[in-house]
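One letter stands for each residue in the lines below.
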Amino acid sequence: MMFACVILLLCAACSISAKDVALGPRLNNNQLYKFSYATEVLVDRTRGAARGSAGYRLSSDVDINLVWRDPSNKDDQLIQLSISNVRLEHVSQGSNQKSILDGSTAESLLGKSKLAALTKPFMLHLRNGKTKAFYSYWAEPALVKNIKRGVASLLQVQLHKGKVIENDVSGRCTVEYKAAKNQVTRNKILDTCKTGEIGFTTHSKVLGVSKKASSVTVFTLEDGFIHSAVAEEAHSLAINAHRSTGAKVESRQILTLMGTEAGPLEAAGKDVTSVVKTIDAKLAAVGIIAEKVRPQCKGCPTLSEHWQSLQKLLEPDGLSKVSAPRSFLALIQSIRKASKDDILKVLKSASKTSAPQVVDAVTSSQTTASLDAMLEFLNFTDPKAFVLQERFLYACGFASHPNERMLKALLDISKGKIANNDIKESVVIIMGALVHKLCLKGGCNLPTVVEVKNMILNGPESSQEESRVQMYLLALKNSLLPEAIPIFIKYAEADLGAFNTISLTALQRYDSSLMSKEVKQTVNRVFHQNRRIYEKNVRAAAADVILNSDPSLMEVKNLLLSIGHLPHEMNKYMISKIQDILRFQMSASKTIQEAMKDMIVNNYDRFAKVGSSSSFSGFMARSADVTSTYSLDILYSGSGILRRSNMNMFGASGGAVLHGLQVAIEAQGLESLIAATPDEGEENLESFSGMSALLFDVQLRPVNFFKGYSDLMSKMFSLSGEPLNVVKGLILLTDHSEVIQLQSGLKASAEFQGGLSIDISGGMEVSLWYRESKTSVNNRGAFVVSGNVTVDMDFLKTGVEVSFDTEASLDFVTTVQFSEYPFLVCIQMDKATFPISEHVAKYDSLPSGKHATSQTSKKHLVPGSEFPLHQENSNMCKKVFDSSW
């Protein structure tokens, strides 16, 4: 009996003890806790040393006392906090120059009203260590309330381990707690935080920005309450393709108990709301999550003033200079803050030569005001405005973060009257690119996207006109919709070579996992001509699809066995293609190696075919951040005239691949010029030469050099040697913007932009007198990437800007001498020597105009070179240049 009583007493004691276990920090009644508080923020480039950072520290005293506690729950508390003795100072200055804060006081920096608001008491309702409500004054500036929220959030802590979702100044975040004796560690998983801030980023990972963030707070407890809290937070951002162009912001908070003294008594009241109302009726529950702060730029130039200072730098003659994309990025920043009327004013005031560059900038800004201004400015019924209309459409195609409204605008334009047929085609082709980007963001079911998808999917069957069918196929090629694959399968076997080529090159862009049995059967039928005879370039495109789509051993064997039975130049092309895959260790190389173990497949007779056609791939650049590759495929007709050349450039970073450039030049029906016999299946082809370009994963409208024999002859006798422009303009490649909410209540704005000025042109010269032809593709451009991380407290601004820039040129020239047979063919890919510059600037400024800046730069030259191609080409070029002398 005695033993049973002891057990009952122990259980009762344990029950009472369990009920009294603290779930959060507890304050004692009638006690004033006196803390010292400091928060500092530092900005720097990602690889910078702490001593070189720019930043400042805000220090103060903080008094904390219990106002009310629920009698039935000791962990349900209303707490009052009061900030006093505010100081501001610079930290980690990297130079001996005087600080811009020297001689300043908190009152002179903040102003009397803001300082008074900051030192006015505020309240926090804690229940079980979690924030239930934050009380302050609606009339206070948002910045002041956010700083108070940052202090209050340091009192939120749970005393046992576990993962929970909490609301604090950073937003609604997932938080993981680890508890030890008298110490709790809080790890905030920042990428889960949800705030009211809206940002955007580039859809391409290669051109995008990578982020790393961490937030750890260590609490030390004494007598059930917080003795100290140290929070350390870091955010770093860097350009994926050039990670040295990166910036970081680091924040630190330290709350330390200095002592206690007698404080006010606990207030009477039945609940928190009534107690707060009794103390101060103007106090309101304003929410613990930080509110938006809109920084105001005092003394900043208007958009028109900014444009006037940049206009000369954006003239066409200067587009290959670094100053062009740098000015382009600066103009975009101004446009994004401007109204529709201000934007229209600049559009209308621009000169004829600079207007296309303004259109690039306004469209790339991607704001509601900028799109409205463009739609009002452009008149698609005016045939004379072709250049501006095309630049607008291309800028839409390259848009970094398009929305449904942009697509709707293009759809409305396509339904209206368009004076120029080329523009009409470009509108539809670019809509396909926007559908792809919106689907990547999860917007495939948006009403406008669905409408455009239906339009382009049904388009090829809705018209008998060759140009319109081609237009819809190119739009589908841009869209990369899985639903378009059956359409490409059908048109891969159509009667027209242009349809075949577009469909097969479109299938090459899809992931190999989407290459179904039906797709493979179709492309194999085309290559092996099971149903009809196809043009050589169509069969070559079919071979590319087979080899890039995880081919089976039998598919590879059949393809290899066809070598020797193909047209003369195609034999050589396929041999070169297979050798290139093996040398470059592409995905099909292992299957090809397995197939070539069979001596029937791999023998001298099959692989000793001669000719001028070739396929070659190589590295343009390799670094820890990005790998750039190029490929060059050349296919000639049996008579030695260029049939098709295809140059590609790819960038790969972090497992993602970007198709940076594709320039394809095609020629047909030119055998009559040298009284040669056309190849099989090409006897009745119309004389034609044209160029197609794909730029940064966006297929552009093809351009024609000539079409038809009469057009050929008239242009041949009027050839000036001047290249035909394919695409020219300014492109916003990288575009990342976000507001980083720091736990201290301060906000850091991060802006990363990458701008490219580009001029791609191509031409074809034919000299019957010297019996020589020359085709050229010329690429000129300048590239600037700029990253800016700024912490703007309204009364004090600090930031870091990192940038990278370069100017480069790449020429691709094919020279053919047909004075004798076999023809002499020389292919050249040259890059000129180009500079690379990196810059870092750190700055602090006050609204008064007082500022301090430190800058560092470094520059080096990358020597020019001729990219290597196959050895036979080198031998041929030697003969060409020897004969020229």
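Residues numbered from 1 in each chain as written. Predicted model: local features only at pLDDT ≥ 70, side-chain atom pairs only at ≥ 80, totals over all residues. Heavy atoms only, no water.

Some thoughts on the state of the cysteines
Our working rule: Criterion for a disulfide: a pair of cysteine sulfur atoms within 2.5 Å. Secondary structure elements follow DSSP: runs of H or I of four or more residues count as helices, runs of E of two or more count as strands, with numbering from the N terminus.
Tallying each qualifying case throughout the model produces three disulfides. A disulfide bridge connects C173 with C193, and the sulfur atoms are separated by 2.1 Å. Here C173 and C193 share a disulfide; its torsion about the S-S bond, 115°, makes the bridge right-handed. On the criterion of sequence distance, the pair formed by C173 in strand β7 (residues 171-180) and C193 in strand β8 (residues 183-194) is long-range, its members being 20 residues apart. C826 shares a disulfide with C877; S-S distance 2.1 Å. The S-S bond linking C826 to C877 shows a torsion near 95°; that makes this disulfide right-handed.

Considerations on the packing of aromatic side chains
What counts here: Aromatic pairing here means that ring centres of Phe, Tyr or Trp (its six-membered ring) are within 6.5 Å. Orientation follows from the plane angle: under 30 degrees is stacked, over 60 is edge-to-face, and everything else is tilted. Burial classification: accessible surface area is computed with a 1.4 Å probe over protein chains only, and a residue below 20% of its type maximum counts as buried, one above 50% as exposed, and the rest as partly exposed. Throughout this description, the term charge over a ring refers to an Arg CZ or Lys NZ atom that lies within 6 Å of the ring centre and within 35 degrees of the ring normal.
With the rule as written, the count across this model stands at nine aromatic pairs. A centroid spacing of 5.1 Å and a plane angle of 50° characterise the contact between Y630 and F867, whose relative ring orientation is tilted. Linking Y630 in strand β14 (residues 627-636) with F867 in the loop between β27 (865-866) and α25 (871-884), this pair joins segments that are 237 residues apart in sequence. Its relative accessible area of 7% is what places F867 among the buried residues. Put simply, the rings of Y33, F35 and F225 pair up and form one aromatic cluster. Directly above the ring of F619 sits R622, whose terminal nitrogen or CZ lies 3.8 Å from the centroid.

Regarding unusual backbone geometry
Positive phi is not limited to glycine here, since N182 has a value of about 60°. For N182, the position within the fold is in the loop between β7 and β8. Positive phi outside glycine occurs at D697, with the angle close to 70°. Following the sequence through the fold, D697 ends up in the loop between β17 (688-695) and β18 (698-699).

Looking at the pairing of strand β13 (residues 614-622)
The two faces of the sheet receive side chains in turn, since in a regular strand these alternate between them. For clarity, the threshold we go by: Paired strands, in this sense, are two strands between which DSSP finds at least two bridges.
In terms of strand pairing, β13 meets β14 through eight bridges, oriented antiparallel. Its bridge partner being in β14, S615 is matched across the sheet by D633. Where β13 folds back onto β14 in an antiparallel hairpin, the turn is made up of four residues.

Looking at the pairing of β17
Counting buried positions along β17 gives eight out of eight residues, so the element sits mostly inside the fold. Neither face of β17 is exposed, since F688, G690, S692 and L694 on one face and S689, M691, A693 and L695 on the opposite face are all buried. Looking at chain direction, β17 and β18 are connected through two bridges and run antiparallel. The residue bridging L695 from the neighbouring strand is V698, located in β18. Hairpin geometry of β17 and β18 is characterised by an intervening segment of two residues between the two adjacent antiparallel strands and by a positive phi of about 50° at F696.

Section: the packing of helix α9 (residues 355-365) against helix α11 (residues 386-397)
To describe two helices that pack against each other, one gives the angle between their axes and the distance between the axes. The test is simple: Here an angle of 0 to 180 degrees is reported between the N-to-C directions of two axes, which are lines fitted to C-alpha atoms, with helices fitted over the stretch in contact. Any angle that falls under 35 degrees is termed roughly parallel, while one over 145 is termed roughly antiparallel, one within 65 to 115 roughly perpendicular, and all others oblique. Crossing chirality is assigned from the near helix's rotation relative to the far helix, an anticlockwise turn below a right angle marking it left-handed and a clockwise turn marking it right-handed. We call two residues in contact whenever any of their non-hydrogen atoms come within 4.5 Å of each other.
Their axes nearest at 9 Å, the elements α9 and α11 cross at an angle of 30°. Relative to α11, the element α9 lies roughly parallel. The element α9 and its partner α11 pack so that their crossing is right-handed. Facing α9, whose interface residues are A355, P356, Q357, V359, D360, T363 and S364, α11 presents V387, L388, R391, F392, A395 and C396.

From the geometry alone we can't say anything about function, so treat these as descriptive.
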